[in-house]
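# Observations on chain architecture
Each chain, written out:
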Amino acid sequence: MGDTLEFSDIYQEHKGSWNDGRLRFSKQTVVYKSSKTGKVDSIQAAELNLAHWRRVCLGHGIKLGTNSGHVYKYDGFRDTDLEKISEFFKTNYKLEVMEKDMCVKGWNWGTTKFSGPLLAFEINDNAAFEVPLSNVSQCATGKNEVTLEFHQNDDTEVSLMEVRFYVPPSQSDERQDPVEAFAENVLSKADVIQATGDAVCVFKELQCLTPRGRYDIRIYPTFLHLHGKTFDYKIPYTTVLRLFLLPHKDQRQMFFVISLDPPIKQGQTRYHFLILLFSKEEELSLTLNMSEEDVERRFEGKLTKNMSGSLYEMVSRVMKSLVNRKITVPGNFQGHSGAQCITCSYKASSGLLYPLERGFIYVHKPPVHLRFEEISCVNFARGTTTTRSFDFEIETKQGNQFTFSSIEREEYGKLFDFVNAKKLNIKNRGFKEGMKGKIDEYSDSDEDQHDAYLERMKAEGKIREEGNESADSDGESDESFNPGEEDDDIAEEYDSNASASESDSGEDADDSDDTKKKKKEKKEKTVKVVKEKKERKPRKERKRRPKEVGAPKRPMSAYMLWLNASRERIKSENPGISITEISKKAGEMWRTLSKEDKEEWDIKAVEAKKQYEIAKQEFKDSGGGAAAAAASSSPQKESKKPAVKKEEKKRKSAGGDKEKDRTVNDSFKSKEFIETSEDSSDSDKKSKSKKKKKKKKESEEEEEAAASTPASSEADSD
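Quantities reported herein were computed from a predicted structural model and do not represent experimental measurements. (Residues numbered from 1 in each chain as written. Predicted model: local features only at pLDDT ≥ 70, side-chain atom pairs only at ≥ 80, totals over all residues. Heavy atoms only, no water.)

It is worth spelling out the packing of aromatic side chains at this point. One pass over the full model with this rule turns up 31 aromatic pairs. Note on Phe360 and Phe372: the rings are 5.5 Å apart at their centroids and 75° apart in plane angle, and the pair reads as edge-to-face. Within this pair, whereas Phe360 is found in strand E27 (residues 359–363), its partner Phe372 is found in the loop between strand E28 (368–371) and strand E29 (375–382), the two being separated by 12 residues in sequence. In this pair, the class of Phe360 matches that of Phe372, namely buried. (Phe/Tyr/Trp six-rings, centres within 6.5 Å; stacked < 30°, edge-to-face > 60°. Helix = DSSP H or I, 4+ residues; strand = E, 2+ residues; numbered from the N terminus. Buried < 20%, exposed > 50% of the residue type's maximum accessible area, 1.4 Å probe, protein only.)

Printed below as a string of structure tokens:
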């Protein structure tokens, strides 16, 4: 038996929803950490006085009780875990784990017992169900009834709204009403917010970003009251998860962020974060509405009755002492401008991203907090609009993706170093300048791993370089016309040498002829260049070499041989996967293969190449290559014959169409047409002359075709 016992996928019920996490039993403490919120429940081993093993809906569960009256329930164990847990409890906690059965008869008549924060409904000394009183939001009484209303939880599909208990009148003690006694026991442990008494302190008209507006914040011993013009919110301190104090990028303002679970509600809107904005210049003198003895006894020196300082310091100090949680501030990260945050955009709204010691937080619309524990990988992507910025993508283990875009290119180095130092998995890891040593420390064991993103960036860089070189060469070959160069020799009115040119006009008269000659020479050069450009013939299209019929196929690489052999296995392991996803999956699997496994396919690739060389040589020896070359040249000669035939067909078809049109026009005449002898004779003459011309043309075309056929046959014989 070791010093600790650890269990994963252990569930804890929270207002009707099951939150998974990890549970660890050690010699000193019992620690449970929620995967959803990251909240940690720590129970000292010396305080444990109860341990019950029960059969529940999610397998088996354990119920732990403490001397202070708190009860903790964890479900999701297996039947075989009972032996390990009971033995561990006996040796380390000196506590015996008892097996308890739940009543499943379905009866609705029994007894109620209040044990700490739980209301248990028992039938024959076996619990039928238990109600956490902290989930109760309201308790109403009737003549013989008590109605319990519960807090709603947005994470559950079905929520329990209310439960009614019938309390029969007691005949033994008439002084105390059993209904009122039942209601008092419920309200003593219920999470019912009642603003009774005076507030400890009040902060007036604080600027709140979410929910937006100005609110008066009244601090009560058990809850926080936000009072605005249209809305009021009462926030119990038990719903506060974390506190953040973040400096603005302008170094003049401060953000104070309160993380809430469950969130506050405004209609259908949920606010998981309460964000306050303060100016560093605002000062405040605060007096607590308590006596000095009560302040000392309640806060143990964390607060004093009279305090003064910056407004944000007063608010954060009071909240820290009442909520009893640490305030998270940015760590050692510094951006390009020296600030502890990065300007970026999330969901089309601009904000600030703060890299913390244990996560990232984005403020303010919408605020996002991501812990390193729930991050699966990060990705540095190119900006979609310009190359001056990049995107920072974070993917969680639950499959959610958060993209922070429009980050300045100068911030890349600082952010990359921070992510590397926190040992986060980088999806598209490449070689950054000056970071090769650090990258090798976290690189994979496979030295020949293929980085597709890096190869693509290299290819794009080569294309850019080639484009720049071609642009430079074109600029050197073509002489450009610069109007500014012509006017350099002549002083204008706004030049510094304008007066000198006017005074020495006689001396410069001779030089004017030279300048005119230079202008003419330059114009002649430009005209010549333009003519040369126009006279350039269009480039001839490259003629592709025809495929050799019967030639052996090129050999496949080692990767392609391995892919063909393992494609069916990838499909069977990933049903429903698409073709593109198969290639991605295969690339990842190929990278993870060891050198020994790759050597097998390298050997097969070498053998395939040798066989290809032998087959290719045999194909050439048999005359395959020469036949293909002859076939490539023969179509050029044969192409002349069909060209002549096509022209003849076009001419005949064009002539036939014209004849049809003419016959139609000549044969059809309207009734109103009156034919004279002159018109008829003229039309007959014209038609006869046209027919003679057509016959001559057809005879000439037949002679040309007959003359061209022997010439082409002679060329074929040669």
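This brings us to the side chain of Arg242. Here Arg242 shows up in strand E19 (residues 240–247). Of the side chains with opposite charge, Glu373 lies nearest to the buried Arg242, which makes no salt bridge, at 6.6 Å. Apart from the residues within four sequence positions on either side, Arg242 is in contact with Thr37, Gly38, Lys39, Val257, Ile258, Ser259, Arg325, His369 and Arg371. (Lys, Arg positive; Asp, Glu negative; His and termini not counted. Salt bridge = Lys/Arg side-chain N within 4 Å of Asp/Glu carboxyl O. Contact = heavy atoms within 4.5 Å.)

Thr210 connects to Pro211 through a cis peptide bond whose omega is -10°. Relative to the elements of secondary structure, Pro211 occurs in the loop between strand E15 (201–210) and strand E16 (213–219). Residue Pro262 follows Asp261 across a cis peptide bond; omega there is 5°. Residue placement: Pro262 occurs in strand E20 (residues 253–266). With a phi close to 55°, Lys347 is a non-glycine residue in the positive phi region. Relative to the elements of secondary structure, Lys347 occurs in the loop between strand E25 (342–346) and strand E26 (349–355).

So, about the packing of helix H11 (residues 558–573) against helix H12 (residues 579–592). One can describe the packing of H11 onto H12 by two numbers: an axis separation of 10 Å at closest approach and a directional angle of 115°. Here H11 runs over H12; the crossing is right-handed. The segment H11 lies against H12, with Ala558, Tyr559, Trp562, Leu563, Arg569, Ile570 and Lys571 engaging Ile582, Ser583, Lys585, Ala586, Gly587, Met589 and Trp590. For the contact of H11 with H12, the class distribution of residues is 9 nonpolar, 2 polar and 3 charged. (Axes fitted to C-alpha atoms, helices over the stretch in contact; angles between N-to-C directions. Left-handed = near helix turned anticlockwise from the far one by under 90°. Nonpolar A, V, L, I, M, F, W, Y, C, P; charged D, E, K, R; others polar.)

Attention shifts here to the side chain of Arg54. Locating Arg54 in the fold gives a position in strand E5 (residues 48–56). Its relative accessible area of 8% is what places Arg54 among the buried residues. One polar contact links Arg54 to Glu130, side chain to side chain, over a distance of 3.5 Å. For Arg54, the residues in contact, after removing those within four places along its chain, are His60, Gly61, Lys63, Lys73, Lys100, Met102 and Glu130. (Polar contact = N/O pair within 3.5 Å; in protein donor to acceptor, adjacent residues only side chain to side chain.)

Right, let's talk about the packing of H11 against helix H13 (residues 595–621) for a bit. Relative placement of two packed helices is described by the angle separating their axes and the distance separating the axes. Interhelical geometry of H11 versus H13 gives an angle of 110° and a closest axis separation of 8 Å. Put simply, H11 runs roughly perpendicular to H13. Seen from above, H11 lies across H13 with right-handed handedness. On H13, the residues that touch Ala558, Leu561, Trp562 and Ala565 of H11 are Trp601, Asp602, Lys604 and Ala605. Split by residue class, the contact of H11 with H13 holds 6 nonpolar, no polar and 2 charged. (Parallel < 35°, antiparallel > 145°, perpendicular 65-115°, else oblique.)

It is worth spelling out the pattern of salt bridges at this point. Counting across every chain of the model gives 16 salt bridges. Note that Arg54 is salt-bridged to Glu130, the shortest N-O span being 3.5 Å. Pair noted here: Arg54 is in strand E5 and Glu130 is in strand E11 (residues 126–132), with a separation of 76 residues, a long-range link. Comparing Arg54 with Glu130, the two get one shared label, buried. Here Arg164 makes a salt bridge to Glu162, at a shortest N to O gap of 3.5 Å.

So, about the pairing of E26. Counted residue by residue, E26 has 6 buried out of 7 residues, so it is predominantly covered. Pairing of E25 with E26, which is carried by 5 bridges, proceeds in the antiparallel orientation. Residue pairing for E26: Ser345 is matched across the bridge by Ser350. Turn length for the E25-E26 hairpin, with the two strands adjacent in sequence and antiparallel, is 2 residues, and the turn residue Lys347 shows positive phi of about 55°. In this structure, the hairpin formed by E26 and E27 is closed by a connection of 3 residues. (Pairing = 2+ DSSP bridges.)

Here the focus is H11. Here H11 contains 16 residues, and its C-alpha end-to-end distance of 22 Å stays within 8% of the 22 Å for a straight helix at 1.5 Å per residue. The largest bend in H11 amounts to roughly 50° and is located at Ser566. Summarising the contacts, the buried residues of H11 are in contact with H12 and H13. (Expected span 1.5 Å × (residues − 1). Bend = angle between axes of the 7 residues up to and from the residue.)

Taking 1.5 Å of rise per residue, 27 residues should cover 39 Å, and H13 covers 39 Å from first to last C-alpha, within 8% of that figure. Taken residue by residue, H13 has Lys598, Trp601, Ala605, Tyr612 and Phe619 as its buried positions.

Attention shifts here to the sheet that holds strand E10 (residues 118–123). If you walk across this open sheet you meet the 3 strands as E9-E10-E11, and the pairing is antiparallel. This sheet does not close on itself; its edge strands, each paired only once, are strand E9 (111–115) and E11. Direction aside, the axes of adjacent strands within the sheet are offset by 25° on average.

You can see Gln251 is positioned in the loop between E19 and E20. In this structure, the C-alpha to C-alpha distance between Gln251 and Ser279, residues 28 residues apart in sequence, is 9.5 Å. In this structure Gln251 touches Lys280 and Ala339, once residues within four positions along its chain are discounted.

One finds Phe203, Ile219 and Leu224 to be the most contacted residues of the largest nonpolar core, which totals 40 residues. Per-element tally for this core: the top contributor is helix H4 (residues 311–323), with 8 residues. Ignoring any residue separated from it by four or fewer positions in sequence, one finds Phe203 in contact with Tyr215, Asp216, Ile217, Ile219, Leu284, Leu286, Leu311, Met314, Val315 and Val318. Membership of the second largest hydrophobic core comes to 25 residues, among which are Tyr346, Ile375, Phe392 and Leu415. (Core = buried A, V, L, I, M, F, W, Y, C linked by side-chain atoms within 4.5 Å.)

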